[in-house]
Amino acid sequence: MNYQQILQDIYEEIKPHADEGKQADYIPALAQVNPNQFGIFLQLLSGETYTLGAYDQKFSIQSISKVFSLAIALSILGKSLWERIGKEPSGSAFNSLVQLEYEHGKPRNPFINAGAIVVADVLLSNLDDPEQFFLNFVRQLSGNEHIDYSPDVASSEQSCSYLNASIAYLLKHHGNLHNRVEDVLHLYCMMCSVEMSCQDLAHAFAAFARSNEPFSYGGVTLSVSRVKRINAIMQTCGFYDEAGEFSFLVGLPGKSGVGGGIVAIYPSRYSIAVWSPRLNAHGNSIMGMKALELFTTITSESIF
């Protein structure tokens, strides 16, 4: 299959949508990003790679980081993690307070903000230096020792994280946050501020695509069964309240972030990452969604 030509054809087809949507301007640092950028990186597990556009341009991964933090927390707590966080799609916005209150402080899944804040609390409680541990894990997964946090993005995010603070205090009220709210939010924002390229993300998620092989990176060890479960949660919960639409259109487990990145996997076959900062109303990249829908349609390579 001529993957390079397929990527080029996809880009030509989605170009008319290049001006739709806008970047995540509610985070001041992200509002400064040039929205007219697009990159894609395909990593076949057999070793071949295919690229297009700004595939090596670093950007803020934001909620894609929640897959990494979940992997660490699951390696620490195992199945007892699910006593504090659910495994169901939310059907609500990623920053909903209403659902959390209604369900007595147990987040619906680890990929909405409430769930990821609980995961950050787990890391704080169990790691001596969770920031450095997280960074080392991501660097080893991606094979890039130069990956780092963006202090500017982290501080920008913290400066306006009133809703996340509300979520954290509500979790604290229900006994589902064990550390200081300020410390948990600091770690949460730092993890979201990590900057990676499509190339970095595709390399990192290839580890999850190898779902029938042992997973051991940077002190994080997961059984085949637990990698399968992370992939399942990506399939059902990876795209906020648009998870069903992504599953319907694309048919792959994956995760998006409001920095404009999307990464998806076809277990035992490939990982693919795409970046375009303009978002739809759900917080997902418009060009990224369209590119991945066309990719699985043209190649007939999805899990369905």
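Please refer to the structure placed before this passage.
Residues numbered from 1 in each chain as written. Predicted model: local features only at pLDDT ≥ 70, side-chain atom pairs only at ≥ 80, totals over all residues. Heavy atoms only, no water.

Remarks on helix α10 (residues 198-209)
To keep things clear, this is the line we draw: The secondary structure listing takes helices from DSSP runs of H or I that are at least 4 residues long and strands from runs of E that are at least 2 residues long, numbered from the N terminus. Between the first and last residue of a helix there are one fewer steps than residues, each counted as 1.5 Å, and that sum is the expected span. Exposure classes here rest on a 1.4 Å probe applied to the protein chains alone. A residue is buried below 20% of its type maximum, exposed above 50%, and partly exposed in between.
With 12 residues, α10 ought to run about 16 Å at 1.5 Å a step, and its terminal C-alpha atoms sit 16 Å apart, in line with that. Taking burial as the measure, the 12 residues of α10 include 10 buried ones, the bulk of the element. For α10, every residue scored as buried is listed here: Cys198, Asp200, Leu201, Ala202, Ala204, Phe205, Ala206, Ala207, Phe208 and Ala209.

Examining the nonpolar core
Rules: Think of a nonpolar core as a cluster: buried Ala, Val, Leu, Ile, Met, Phe, Trp, Tyr and Cys residues, connected wherever their side-chain atoms sit within 4.5 Å.
Counting residues in hydrophobic clusters, the biggest one holds 72 residues, and the most contacted among them are Phe68, Leu201, Phe205, Phe208 and Phe215. Per-element accounting of this core gives the leading share, nine residues, to helix α9 (residues 181-192). In this structure, Ile10, Leu42, Leu52 and Ile272 belong to the second largest nonpolar core, which totals 27 residues.

Some details on the packing of aromatic side chains
Heads up, the rule is: Centres within 6.5 Å make a pair out of two Phe, Tyr or Trp rings, where for Trp the six-membered ring is used; the pair is then stacked when the planes are under 30 degrees apart, edge-to-face when over 60, and tilted otherwise.
Scanning the model with the defined rule gives 15 aromatic pairs in all. An angle of 55° between the planes, with centres 5.4 Å apart, marks the rings of Phe68 and Phe205 as tilted. With Phe68 in helix α3 (residues 65-77) and Phe205 in helix α10, the pair connects residues that are 137 residues apart, well separated along the chain. For the pair shown, Phe68 and Phe205 are each scored as buried. Ring centres of Phe208 and Phe215 lie 5.1 Å apart, and the angle between their planes is 45°; this geometry places the pair in the tilted category. The buried category is assigned to Phe208, whose relative accessible area is 0%. Each residue in the set Phe68, Phe134, Phe137, Phe205, Phe208, Phe215 and Tyr217 is aromatic and connected to the rest through ring pairs, giving one cluster.

Examining the sheet that holds strand β1 (residues 39-44)
To keep it simple, the criterion reads: Note on pairing: two strands pair once DSSP finds at least 2 bridges between them. Fitted lines through C-alpha atoms give the axes, limited to the stretch in contact for helices. The angle between two N-to-C directions lies from 0 to 180 degrees. The contact rule is simple, with two residues in contact once any of their heavy atoms fall within 4.5 Å.
Taken in spatial order, the five strands of this open sheet run β2-β1-β9-β8-β7, and their pairing is antiparallel. Of all strands in the sheet, those with a lone pairing partner are β2 (49-53) and β7 (254-256), marking the two edges. The sheet shows a mean angle of 5° between the axes of neighbouring strands, taken without regard to direction. Inspection of the sheet shows β1 paired to β2 by five bridges, in the antiparallel sense. Bridge pairing links Gln43 to Thr49 in β2. Those strands touched by helix α1 (residues 3-14) are β1 and β2, and its axis lies near 25° from that of β2.

Some words on helix α11 (residues 224-237)
With 14 residues, α11 extends 20 Å between its outermost C-alpha atoms, agreeing within 8% with the 20 Å of an ideal straight helix rising 1.5 Å per residue. When α11 is considered as a whole, its buried residues turn out to be Val227, Ile230, Asn231, Ile233, Met234, Gln235 and Cys237.

Quick word on the packing of helix α7 (residues 151-159) against α9
Two quantities define a packed helix pair, namely the angle between the axes and the distance from one axis to the other. Convention followed: An angle below 35 degrees is treated as roughly parallel, one above 145 as roughly antiparallel, one from 65 to 115 as roughly perpendicular, and anything else as oblique. For any helix crossing, the convention is left-handed if the near helix is rotated counterclockwise from the far helix by under a right angle, and right-handed if that rotation is clockwise. In this classification, Asp, Glu, Lys and Arg are treated as charged, Ala, Val, Leu, Ile, Met, Phe, Trp, Tyr, Cys and Pro as nonpolar, and every other residue, Gly included, as polar.
Where α7 contacts α9, the axes come no closer than 8 Å and their chain directions differ by 135°. Taken together, the axis directions place α7 and α9 in an arrangement best described as oblique. The element α7 and its partner α9 pack so that their crossing is right-handed. Here α7 contributes Ala154, Glu157 and Gln158 to the contact with α9, which in turn contributes Leu185, His186, Cys189, Met190 and Cys192. Taken together, the residues of the contact of α7 with α9 break down into five nonpolar, two polar and one charged.

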